[in-house]
Amino acid sequence: MAHDKHEQVDAISGVTTTGHSWDDIQELNNPLPRWWLWTFYACIAWAIAYCIAYPAWPMVSSYTKGVLGWQSRDAVVADLEALKQQRSGMTAKLAGSSLEEIRQNPEMFAFARAQGKAAFGDNCAPCHGAGGAGAKGYPNLNDDDWLWGGSLAQIEQTIRYGARSTSDQGHSGAMPAFGRDGMLKREEILQAADYVRSLSGLPTDKGADLAAGAKVFADNCAACHGDKGLGNQELGAPNLTDQIWLFGSDKAAIVEGLMNGRGGVMPTWHGRLDDTTIKSLTLYVHSLGGDQRP
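Residues numbered from 1 in each chain as written. Predicted model: local features only at pLDDT ≥ 70, side-chain atom pairs only at ≥ 80, totals over all residues. Heavy atoms only, no water.

Visitor: Can you tell me about the UniProt feature "binding site: heme c 2" (unreviewed entry) in the protein chain, naming the residues and giving the values?
Guide: Per the UniProt record, "binding site: heme c 2" (unreviewed entry) is found at M175, C221, C224 and H225. The greatest C-alpha distance among the annotated residues, which extend across 51 residues, is 10.4 Å, indicating that they converge on a single site. You can see C224 is positioned in helix α9 (residues 222-225). Residue classification places C224 among the partly exposed positions, given a relative accessible area of 36%. Structurally, H225 is set in helix α9. (UniProt positions renumbered as here; feature names shortened; annotations may be inferred. Helix = DSSP H or I, 4+ residues; strand = E, 2+ residues; numbered from the N terminus. Buried < 20%, exposed > 50% of the residue type's maximum accessible area, 1.4 Å probe, protein only.)

Structure, rendered in structure tokens:
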């Protein structure tokens, strides 16, 4: 590598050199295009002006406000208010109509479903899934199997006040911990688990004593689930004959429920969502699979 301070002219390109030679390669003195330089300077000027006009720099406990006083939060509030005004006419109609009246009116029903779908994605999807398909311990809202009832009124009650929630008006009742609390022996729990599986046509362990399991069921479980295991929506007791299982149908899952109990929490949305949003959510959820259609 060599360094030459004398400026030369490249014989091939006719461009002067910088006087630097790197491994016998001359560095040409090609200045940046003027358009590129002016663009670069304009970007610097724009960045400085932006930092002065808008919030830009974080500080210890706050941030620079900008001379224009613009805030992204204020912009969001303004957009939401504009959307509220745009929807105000239809929102007023929803507020003044019953759930059944809304369902029978195509225009109101379409609006309610669209609003309910958006509210579902924001508030319900983390537990029930984006399409309402649920997960282990979180009910599938598409399958017409409802713990607390699938009519419009029942779904609204569940959404508004929840289940085992902070509201006194919410659903109550839970699956007791028969094993943990010493109400049943392990052998009795295993017998009951086999019997419960037999109710929905699932295979049982070889040599399972279904008669003993039936007696354990009748003495301890029938009060909530019914003599035939068909469930009771007033108590949130599921139907044990339909092969739809919230926590799983394998024997281990059933034994775990009998041992330690079950009792998921559905939050109350009253006071967190306005009435028209709750109505819209009700209609949307109901449209996924309400009324226990055969």
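Following the structure, the description resumes.
Visitor: Describe the packing of aromatic side chains, and please don't skip the residues or the numbers.
Guide: Applying the stated criterion to the full structure yields eight aromatic pairs. Summarising the aromatic geometry, the rings of F40 and Y41 are spaced 6.1 Å apart at their centres and angled 50° between planes, so their arrangement reads as tilted. With a relative accessible area of 44%, Y41 lands in the partly exposed category. Note on Y195 and F217: the rings are 5.4 Å apart at their centroids and 55° apart in plane angle, and the pair reads as tilted. Placement of the pair is Y195 in helix α7 (residues 186-199) and F217 in helix α8 (residues 210-220), with a sequence separation of 22 residues. Both residues of the pair, Y195 and F217, belong to the buried class. Its end group placed over the ring of F247, R262 keeps NZ or CZ at 4.1 Å from the ring centre. Sitting above the plane of the W269 ring, R272 keeps its charged end 4.2 Å from the centroid. (Phe/Tyr/Trp six-rings, centres within 6.5 Å; stacked < 30°, edge-to-face > 60°. Lys NZ or Arg CZ within 6 Å of the ring centre and 35° of its normal.)

Visitor: Outline the pattern of salt bridges, listing residues and values.
Guide: Side-chain pairs of opposite charge can arise whenever the charged atoms involved come near each other. Here the structure, examined in full by the defined rule, presents eight salt bridges. A salt bridge links R262 to E256, with the nearest nitrogen and oxygen atoms 3.9 Å apart. Exposure remark for E256: the relative accessible area of 39% places this residue in the partly exposed category. Several salt bridges converge on common partners, so that one network encompasses E156, R160 and D275. (Salt bridge = Lys/Arg side-chain N within 4 Å of Asp/Glu carboxyl O.)

Visitor: For the confidence of the model for the protein chain, give the residues involved together with the corresponding values.
Guide: Detailed reading of the predicted coordinates is not advisable wherever pLDDT falls low. Residue-level pLDDT values for the protein chain average 91, and 96% of them are 70 or greater. Here strand β1 (residues 2-3) stands out as the element of the protein chain with the lowest mean pLDDT, 49, in contrast to α8, whose mean of 97 is the highest. (pLDDT = per-residue confidence, 0-100.)

Visitor: Pulling in residues and values, what's your account of the domain arrangement of the protein chain?
Guide: Under the domain assignment used here, the protein chain contains domain 1 (74-170 + 266-289) and domain 2 (186-260). With centres defined by C-alpha atoms, the gap from domain 1 to domain 2 works out at 33 Å. Opposite the 12 residues of domain 1 that make contact, domain 2 presents 10 residues. When domain 1 packs against domain 2, the two sides together hide about 900 Å² of surface, and 56% of this comes from carbon and sulfur. For the domain 1 face of the interface with domain 2, the top three residues by lost area are D145, L147 and W148, together amounting to 51%. Our enumeration of links across domain 1 and domain 2 arrives at zero salt bridges. Remark: the boundary between domain 1 and domain 2 carries two residue pairs in polar contact (both at pLDDT 80 or more). Its residues assigned to classes, the side of domain 1 that touches domain 2 comprises six nonpolar, three polar and three charged. (Domains from an automatic or database assignment. Contact = heavy atoms within 4.5 Å. Buried area = accessible area lost by both parts, 1.4 Å probe. Polar contact = N/O pair within 3.5 Å; in protein donor to acceptor, adjacent residues only side chain to side chain. Nonpolar A, V, L, I, M, F, W, Y, C, P; charged D, E, K, R; others polar.)

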